[in-house]
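This is what each chain is made of:
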Amino acid sequence: MEFDDLKHAQRERLIYLDQCFTWRGIANRRDLIRRFGVSSAQAAIDFRLYLERSKTPPEYDPVRKAYLATDAHQPLVSSTLNRAFESVLAPEGDPIPATLPQPVRHANAKIIALLYQSLNARRALHIRYTSMTTGTDDGQWILPTNFSSDGEAIHLRAFSFKHREYRDYLPIRIDPGSTFEMRAVTEELPEDKDWDTRTRIWLRPRKALSPRQAAAVRREYGFEGETLCVETTKALEFYFNRRWGLDLPGARLERVRTEYEATPKRK
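Predicted, not measured: the structure shown is a model, and the values here were computed from it. (Residues numbered from 1 in each chain as written. Predicted model: local features only at pLDDT ≥ 70, side-chain atom pairs only at ≥ 80, totals over all residues. Heavy atoms only, no water.)

(A) Here's a closer look at helix α5 (residues 109-121). The end-to-end C-alpha distance of α5 is 18 Å, a good match for the 18 Å that 13 residues give at a rise of 1.5 Å each. For α5, the secondary structure elements touched by its buried residues are β4 (123-127), β7 (140-149), β8 (154-160) and β10 (182-184). Positive backbone phi, at 50°, marks Arg-122, one or two positions downstream of α5. (Helix = DSSP H or I, 4+ residues; strand = E, 2+ residues; numbered from the N terminus. Expected span 1.5 Å × (residues − 1). Contact = heavy atoms within 4.5 Å.)

Okay, structure coming up:
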């Protein structure tokens, strides 16, 4: 990564400058002073270092008393629009929040630690789990195998001895009153074929869109051709469909095809 030879604090300041030029197109020393509380002299040093390392140095505008990114600007560090919003685009000092609050799902750290220890030691764990579909069970043995994320929630992949299959659990729905008893696994368990299957999903703008709408969707999702390929595991395909809204009315994307490939079994 660019700037890796610098100390952390200065690296963060130069990354901030890079994002200013990339997403705002303008920056000056006052931006560094206001953001990081550094002295004017330190801001000047940081600015000079950025200009030395930039492949396409910004040009000084004496009217605005600021540097402006050129049309040929190339960021030194890649960043997303979401990251840019957090760092350089969100309004400062506005009493009205510009970010929609995300629901905070509270996890019990002790439960997560027990799940991890069970997974790491490959020992079965006894839990009580509250399902939003079937309600609360009386207790079951599971063997945790993997943690995963759908971008919003953390999931636990585990073999359920009760259901005799691999399932996804939300750790936050495990009852803190569970016994959390552990035991050795003595039987041979089946392979988790869904987890060990790589899934490639090829997408295109929905056919019902106009040519201009389809072009806008391609820009939005970063298409480099007519289709976009997204990779995941078959076990997470359900969450992919839900997160990307592929099955919802008004979806902007649709599947072209889906390819499955078994991956080598991990030792």
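(B) Geometry of the pairing of strand β9 (residues 165-169). For β8 and β9, the ladder comprises five bridges, and the chain directions are antiparallel. Residue pairing in the sheet places Ala-158 in a bridge with Arg-167 of β9. Connecting the antiparallel pair β8 and β9 is a turn made up of four residues, with Arg-164 showing a positive phi of about 60°. (Pairing = 2+ DSSP bridges.)

(C) Molecular detail of a nonpolar patch on the surface. On the surface, Trp-23, Leu-81 and Leu-89 cluster together to form a nonpolar patch covering roughly 270 Å² of accessible area. Within the fold, Leu-81 resides in helix α4 (residues 81-89). With relative accessibility at 51%, the residue Leu-81 sits in the exposed group. (Patch = residues over 30% accessible without salt bridge, like charges linked within 9 Å, V, L, I, M, F, W, Y side chains within 5 Å. Areas by Shrake-Rupley, 256 points an atom, 1.4 Å probe, with all protein chains shown as cover. Salt bridge = Lys/Arg side-chain N within 4 Å of Asp/Glu carboxyl O. Buried < 20%, exposed > 50% of the residue type's maximum accessible area, 1.4 Å probe, protein only.)

(D) Just the nonpolar core, in detail. If you look at the biggest cluster of nonpolar residues, it comprises 19 residues, and the most contacted ones within it are Phe-3, Leu-17, Leu-32 and Tyr-50. Those elements that provide at least two residues to this core are α1 (8-24), α3 (40-53) and α4. Top contributing element to this core by residue count: α1, with six residues. For Leu-17, the residues in contact, after removing those within four places along its chain, are Ala-27, Leu-32, Asp-46, Phe-47 and Tyr-50. Grouped together as the second largest cluster of nonpolar side chains are 13 residues, Leu-115, Tyr-129, Leu-156 and Tyr-169 included. (Core = buried A, V, L, I, M, F, W, Y, C linked by side-chain atoms within 4.5 Å.)

Don't take any of this as a statement about function, it's just geometry.
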